[in-house]
Number of protein chains: 2
Amino acid sequence: MTLSARPTLSQVADLAGVSVASVSRVLNGLPASPEMTTRVRAAVDSLGYTPDARARSLKVGRTEQLVLVVPDVGNPVYTGLMRAVAAVVKDAGYRLLLSTGNSEVAEEIAILDGLSSGYADGVIISPLRMTEPILDALQRLRHPAVVIGTPPAAVPVDAVQADSAAGVELAMQHLVNTGRHRIAFVNGPVDTVPGVARQRGFDRADTRLLAGAGRRHAAAAFTVDAGREIAGRVLDDRPDAVLCANDLLAFGVMRVAHSRGIRVPDDLAVVGIDDTDLAAVVSPGLTSVNLGSGERGAAAARLLLARIADPERPAERVVVDPWLTVRESSTPARQEGVR
Amino acid sequence: MTLSARPTLSQVADLAGVSVASVSRVLNGLPASPEMTTRVRAAVDSLGYTPDARARSLKVGRTEQLVLVVPDVGNPVYTGLMRAVAAVVKDAGYRLLLSTGNSEVAEEIAILDGLSSGYADGVIISPLRMTEPILDALQRLRHPAVVIGTPPAAVPVDAVQADSAAGVELAMQHLVNTGRHRIAFVNGPVDTVPGVARQRGFDRADTRLLAGAGRRHAAAAFTVDAGREIAGRVLDDRPDAVLCANDLLAFGVMRVAHSRGIRVPDDLAVVGIDDTDLAAVVSPGLTSVNLGSGERGAAAARLLLARIADPERPAERVVVDPWLTVRESSTPARQEGVR
DNA sequence: CTGTTAGCGCCTTCAA
DNA sequence: TTGAAGGCGCTAACAG
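Remember, predicted model here, so these are calculated numbers, not experimental data.

Draft legend 1. Spatial organisation of the overall build of chain A. Counting its regular elements, chain A contains twelve helices and twelve strands. At 26 Å, chain A has a C-alpha radius of gyration far larger than the 20 Å of a compact globule built from 339 residues. Taking the principal axes of its C-alpha atoms as reference, chain A extends roughly 85 × 40 × 35 Å. Split into buried and exposed, the 339 residues of chain A put 56% on the buried side. Contacts in chain A between residues far apart in sequence, at least 24 positions, make up 68% of those at least 6 positions apart. For chain A, the accessible surface area stands at approximately 13800 Å², while carbon and sulfur atoms represent 53% of it. Charge-centre separation for chain A: the mean point of 36 positive side chains lies 2 Å from the mean point of 38 negative side chains.

Draft legend 2. Looking closely at the protein's contact with DNA strand D. Leu9 and Tyr49 of chain A together with Ser22, Arg25 and Ser33 of chain B are the nearest of the 23 residues found near DNA strand D. What you see for DNA strand D is that sugar and phosphate hold 58% of its atoms within 4 Å of the protein. Those elements that provide at least two residues to the surface near DNA strand D are α2 (20–27) and α4 (53–60) of chain A together with α2 (20–27) and α4 (53–60) of chain B. Per-element accounting of the surface near DNA strand D gives the leading share, four residues, to α4 of chain A.

Draft legend 3. Broad picture of the relation of the copies chain B and chain A. Expressed as a screw operation, the relation of chain B to chain A combines 0.0 Å of axial shift with a rotation of 180°, fitting to an RMSD of 0.1 Å. Such a combination of rotation and displacement between the chain copies is what one expects of a two-fold axis. It is Leu97 of chain B whose C-alpha, among those of chain B, lies nearest the rotation axis, at 2.1 Å. The residues that chain B uses at the interface reappear at the interface of chain A in 100% of cases, marking a shared surface.

Draft legend 4. Representation of the sheet that holds strand β10 (residues 287–290) of chain A. Residue and element names in this part refer to chain A. Here six strands make up an open sheet; going across it, the order is β7-β6-β8-β9-β10-β12 and the pairing mixed. The outermost strands of the open sheet, each flanked by one partner alone, are β7 (215–218) and β12 (323–325). Ignoring strand direction, the axes of neighbouring strands in this sheet form an average angle of 20°. Pairing of strand β8 (residues 241–244) with strand β9 (residues 269–273), which is carried by three bridges, proceeds in the parallel orientation. Paired with Leu243 across the two strands is Val271, which belongs to β9. Strands β6 (183–187), β7 and β8 of the sheet are contacted by helix α10 (residues 224–236), whose axis makes an angle of about 165° with β7.

Draft legend 5. Summary view of the confidence of the model for chain A. This prediction gives chain A a mean pLDDT of 92; 96% of its residues lie at or above 70. Low pLDDT, under 50, characterises residues 333–339 of chain A; the predicted model gives this stretch ten contacts beyond four residues in sequence or across chains.

Draft legend 6. Summary view of the pattern of salt bridges. Taken as a whole and assessed by the stated rule, the structure comprises 42 salt bridges over all chains. Note that Asp206 of chain A is salt-bridged to Arg216 of chain A, the shortest N-O span being 2.9 Å. Of this pair, Asp206 of chain A sits in helix α9 (residues 193–210) while Arg216 of chain A sits in strand β7, placing them ten residues apart in sequence. Note on Asp206 of chain A: relative accessible area 1%, which makes it buried. Between Asp236 of chain B and Arg260 of chain B there is a salt bridge whose closest N-O contact spans 3.2 Å. Taken together, the residues Asp236 of chain B in helix α10 (residues 224–236) and Arg260 of chain B in the loop between α11 (247–259) and β9 (269–273) connect sequence positions 24 residues apart. On the accessibility criterion, Arg260 of chain B (43% relative accessible area) is partly exposed. Connected through shared salt-bridge partners, Arg6, Asp52 and Arg54 of chain A make up one network.

Draft legend 7. Geometry of the protein's contact with DNA strand C. In the region of DNA strand C, 21 residues are neighbours, and Ser22, Arg25 and Ser33 of chain A together with Leu9 and Tyr49 of chain B sit closest. Taking all atoms of DNA strand C within 4 Å of the protein, the share assigned to sugar and phosphate is 60%. Ser19 of chain A has a polar backbone atom sitting 3.2 Å from a phosphate oxygen of DNA strand C. Within the side chain of Arg25 of chain A, one N or O atom sits 2.4 Å away from a base oxygen of DNA strand C. Secondary structure elements with two or more residues in the surface near DNA strand C: α2 and α4 of chain A together with α2 and α4 of chain B. When grouped by side-chain class, the residues that make up the surface near DNA strand C number ten nonpolar, six polar and five charged.

Draft legend 8. Local environment of unusual backbone geometry. Looking along the chain, the bond that leaves Val264 of chain A and enters Pro265 of chain A is cis, with omega of 10°. Considering the arrangement of structural elements, one finds Pro265 of chain A in the loop between α11 (247–259) and β9. Of note, Asp275 of chain B is a non-glycine position whose phi angle comes to about 50°, a positive value. Checked against the element boundaries, Asp275 of chain B lands in the loop between β9 and β10 (287–290).

Draft legend 9. Broad picture of the UniProt feature "domain: HTH lacI-type" (unreviewed entry) in chain A. In the UniProt entry, the feature "domain: HTH lacI-type" (unreviewed entry) is given for residues 7–60 of chain A. Secondary structure content for residues 7–60 of chain A is 70% helix and 0% strand, while the C-alpha to C-alpha distance between its ends is 20 Å.

Draft legend 10. Quick peek at the interface of chain B and chain A. With 58 residues of chain B at the interface, the matching set in chain A holds 60 residues. At the junction of chain B and chain A, the tally comes to six salt bridges. With its nearest N and O atoms 2.4 Å apart, the salt bridge here joins Lys90 of chain B to Glu107 of chain A. Seen at the junction of chain B and chain A, the total is 23 residue pairs in polar contact (both at pLDDT 80 or more). Classifying every residue of the side of chain B that touches chain A gives 25 nonpolar, 20 polar and 13 charged.

Draft legend 11. A look at the sheet that holds strand β12 (residues 323–325) of chain B. Residues and elements named next belong to chain B. Spatially, six strands are ordered β7-β6-β8-β9-β10-β12 in an open sheet, and the strand pairing comes out mixed. Strands with a single pairing partner mark the edges of an open sheet, and in this sheet they are β7 (215–218) and β12. Neighbour-to-neighbour, the strand axes of this sheet turn through a mean angle of 20°, independent of strand direction. Pairing analysis gives three bridges linking β10 to β12, with the strands arranged antiparallel. Paired with Ser288 across the bridge in β12 is Thr325. Of the strands in this sheet, β6 (183–187), β7, β8 (241–244) and β9 are in contact with helix α9 (residues 193–210), which crosses β6 at around 170°. The strands touched by α11 are β6, β8, β9 and β10; relative to β9, the strand with the most contacts, the crossing angle is about 155°.

Quick notes on the rules
- Residues numbered from 1 in each chain as written.
- Chains lettered and ligands numbered in written order.
- Predicted model: local features only at pLDDT ≥ 70, side-chain atom pairs only at ≥ 80, totals over all residues.
- Heavy atoms only, no water.
- Helix = DSSP H or I, 4+ residues; strand = E, 2+ residues; numbered from the N terminus.
- Rg over C-alpha atoms; globule rule 2.2 N^0.38 Å.
- Buried < 20%, exposed > 50% of the residue type's maximum accessible area, 1.4 Å probe, protein only.
- Contact = heavy atoms within 4.5 Å.
- Areas by Shrake-Rupley, 256 points an atom, 1.4 Å probe, with all protein chains shown as cover.
- Lys, Arg positive; Asp, Glu negative; His and termini not counted.
- Charge placed at Lys NZ, Arg CZ, Asp CG, Glu CD.
- Near = heavy atom within 4 Å.
- Least-squares fit on C-alpha atoms with pLDDT ≥ 70 in both.
- Pairing = 2+ DSSP bridges.
- Axes fitted to C-alpha atoms, helices over the stretch in contact; angles between N-to-C directions.
- pLDDT = per-residue confidence, 0-100.
- Salt bridge = Lys/Arg side-chain N within 4 Å of Asp/Glu carboxyl O.
- Polar contact = N/O pair within 3.5 Å; in protein donor to acceptor, adjacent residues only side chain to side chain.
- Nonpolar A, V, L, I, M, F, W, Y, C, P; charged D, E, K, R; others polar.
- UniProt positions renumbered as here; feature names shortened; annotations may be inferred.

Structure representation (structure tokens):
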């Protein structure tokens, strides 16, 4: 119920009638005679001894803890990432600290700077915006760090990035292949990491596939509400397809389409990005570009572990390829090939 | 980029020409002369000194860390909880460790037992099943713990619980009020914490409101797929309303209804439980019983902090009242009163 | 193979 | 008000 006096190493040693060093050795699997081993184990068991993580980490200089920083713990966009990071980190024998920057740059920086107190051995951060202050904080960080996103090439930091431009093109190609040509693009704020990348992807695909005929819209945020808000303007153009910069925006658009009696996918195809769990949940299911958030999370965790193992290794960048998950929102009945 | 030698207290002391004790005092806001304070601060700044969290926690016996254990990090059912816990914990100056039991009792127990190494000051656990082994692990735990769920009254542990029976009744009453009488209930596995409670709530409401005419179904899991799987059997009875034991099941039912051309809410009302973020996202919006997961998370965090502050206080149980969020899935157009 | 000992970096009596 | 010194619990030389 409440914390009482925990047994210590020396108590175990006393009970076993051996030195603390011997206990430590047995516990850490270092050479010891069979007899010693049994005596120590017996004492450990009878006392219910567990080594103190605090003392151990002070001595060995490691905490066995890693931090994951995301803008919003509850956002479905990050759940795939969180799950994957949690799994890899745990398998490697580390604990995971979850920090949220509450979508505030200042908070993200505070978290990064706070790491200098050494409460964890490394950090994975998925910053909402890749601004100078964040990059500065990363530079002065004395701990291993991995960025999920695309820092300037000049910054020597491990990073895992999605190829959102390729993802957008995948979606565009799919829409064109299924006969859509009046395509609207609904982006979120273009001063964010995802915003700029997805805009670039659309511009490129638009030029290549539609001779620049695509319509661009920028919602106030990457949220369902922002999607609903802007949907009116978007649908007034009577597009035959809407490509949204993330699933949440797409859900917002779908709701407005639904209330206007516009049938998806017959009258209007809708495609999202991120392929969140929700995309498979709504009716009709939302076709979405999967940017490999799980893969990126796992890759980031592995990069971090690699750097911790070898701090001198050169900074590495991993790019995860996107794929398209086709569901009902963009095709009448048949299922197109996936990935 | 990589961790290099961090300055220590004694280095600061040397630079300032004072003793380590004085530096410690200044840093911890204990009485010190103005001159001493300025000298120390100067030295701290010039060295970029940050106290070592590991050493500090060894000395003071606290880690300033709390653990939250949930069955699945990515499940939308837990996002409200996580967000609320994260916020309260952070405001109190603690860091949050996120552990997932991967929906395995054994893993949850391992996490609880692992806490005896003292890597955190307390734990909040939302166990999937309230089984003996979990309760045993809680009993032998030497750290403050708060359970989200309903342990047997005899177990003296702080707990925060939802009143799911009341929630189910709320939903039933709403359906009856809006003219539905052929009501089907789709539960998940009844050997889980939510399963039993929701079953009890339905049975009670069914007796009271429908004279026991309600149909009961048990899906294989609390998932969308399980909902889709069982939806066929459920809809074959031609109910005019389906109450689902959680939102995910409801989404599954809605998808099948949609593909069968059954209109929601005109032909069929659908109500879920949990009021996840997704409920507001789908079209039509899903009416859902909100069991106050955010409120429960916040309450749990506060209980934990209270117990840490006073380990002797008697165990407390907090019950959070449910409310109904009415959306389109259960009412043609108008919005009924909320909460 | 085992025991002794010196810290890891910090806080906190205890004297001065 | 300030300094000296002793641990918190553990690991890692170093002797034996």
